[in-house]
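The chain contents come next:
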Amino acid sequence: MTWWQIVAQAAIIASILIVGVAVGSYFNGKHIKAGIKEVKALIGEVKDLIGEVKELIASEAKATKEILDRMDQRHDERHREVVELISKISTHS
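Everything quoted here is computed from the prediction, not taken from an experiment.

Colleague: Just to check I follow, could you spell out the overall build of the protein for this structure?
Modeller: From N to C terminus, the protein includes one helix and zero strands. Based on the C-alpha atoms only, the size of the protein along its principal axes is roughly 130 × 20 × 10 Å. With 93 residues in all, the protein has 0% of them scored as buried. Surface accessibility of the protein: about 8700 Å² in total, with carbon and sulfur atoms responsible for 68%. In the protein, the 13 positive side-chain charges and the 13 negative ones have mean positions that sit 9 Å from each other.

Colleague: Is there a simple way to explain the environment of Leu 68 in this structure?
Modeller: Of note, Leu 68 is situated in helix 1 (residues 3–92). We classify Leu 68 as partly exposed; its relative accessible area is 45%. In sequence terms Leu 68 and Leu 56 are twelve residues apart; their C-alpha atoms lie 18 Å from each other.

Colleague: Looking at this structure, how should I read the pattern of salt bridges?
Modeller: A side chain of one charge can pair with a side chain of the opposite charge if their charged atoms are brought near each other. Tallied over the entire structure, the rule returns three salt bridges. Residue Lys 65 is joined to Asp 69 by a salt bridge in which the shortest nitrogen-to-oxygen separation is 3.0 Å. Remark: Asp 69 and Lys 65 occur in helix 1; sequence separation between them is four residues, near one turn of the helix. Lys 65 gets classed as exposed once you look at its relative accessible area, which sits at 51%. Connected through salt bridges with shared partners, the residues Glu 77, Arg 78 and Glu 81 form a single ionic network.

Colleague: What exactly am I supposed to notice about a nonpolar patch on the surface here?
Modeller: Taken together, the side chains of Val 19, Val 23, Tyr 26 and Phe 27 define a hydrophobic patch exposed on the protein surface, amounting to about 390 Å² of accessible area. Locating Phe 27 in the fold gives a position in helix 1.

Colleague: Where do I start with the packing of aromatic side chains in this structure?
Modeller: Geometrically, a pair of aromatic rings is defined through the distance of the ring centres and the angle of the planes. Within the structure shown, the criterion is met by two aromatic pairs. Ring geometry for Tyr 26 and Phe 27: centres 5.2 Å apart, planes at 70°, overall edge-to-face. Its relative accessible area of 43% is what places Phe 27 among the partly exposed residues.

The rules behind each value
- Residues numbered from 1 in each chain as written.
- Predicted model: local features only at pLDDT ≥ 70, side-chain atom pairs only at ≥ 80, totals over all residues.
- Heavy atoms only, no water.
- Helix = DSSP H or I, 4+ residues; strand = E, 2+ residues; numbered from the N terminus.
- Buried < 20%, exposed > 50% of the residue type's maximum accessible area, 1.4 Å probe, protein only.
- Areas by Shrake-Rupley, 256 points an atom, 1.4 Å probe, with all protein chains shown as cover.
- Lys, Arg positive; Asp, Glu negative; His and termini not counted.
- Charge placed at Lys NZ, Arg CZ, Asp CG, Glu CD.
- Salt bridge = Lys/Arg side-chain N within 4 Å of Asp/Glu carboxyl O.
- Patch = residues over 30% accessible without salt bridge, like charges linked within 9 Å, V, L, I, M, F, W, Y side chains within 5 Å.
- Phe/Tyr/Trp six-rings, centres within 6.5 Å; stacked < 30°, edge-to-face > 60°.

Function-wise, these values are silent; they only describe arrangement.
Below is the structure:
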């Protein structure tokens, strides 16, 4: 075999390998693109869920504040009643 024949055979083998790599890369790229689309869809769903959780937290915070405000109001009323009762008791003594 002459060196030209060896070079020609190497070129043919290299061409076949390049075609194989190109085809493999094409299909791998398709899978990567599909995976990226799925990941983007999942990120969108997660963002939606985060928005819902934020709304729930805000709602719970508002409800908790209302409860605490009512508790403060009741406390003030009870404290006033106790002070009045003590002042009545102390004036009658």
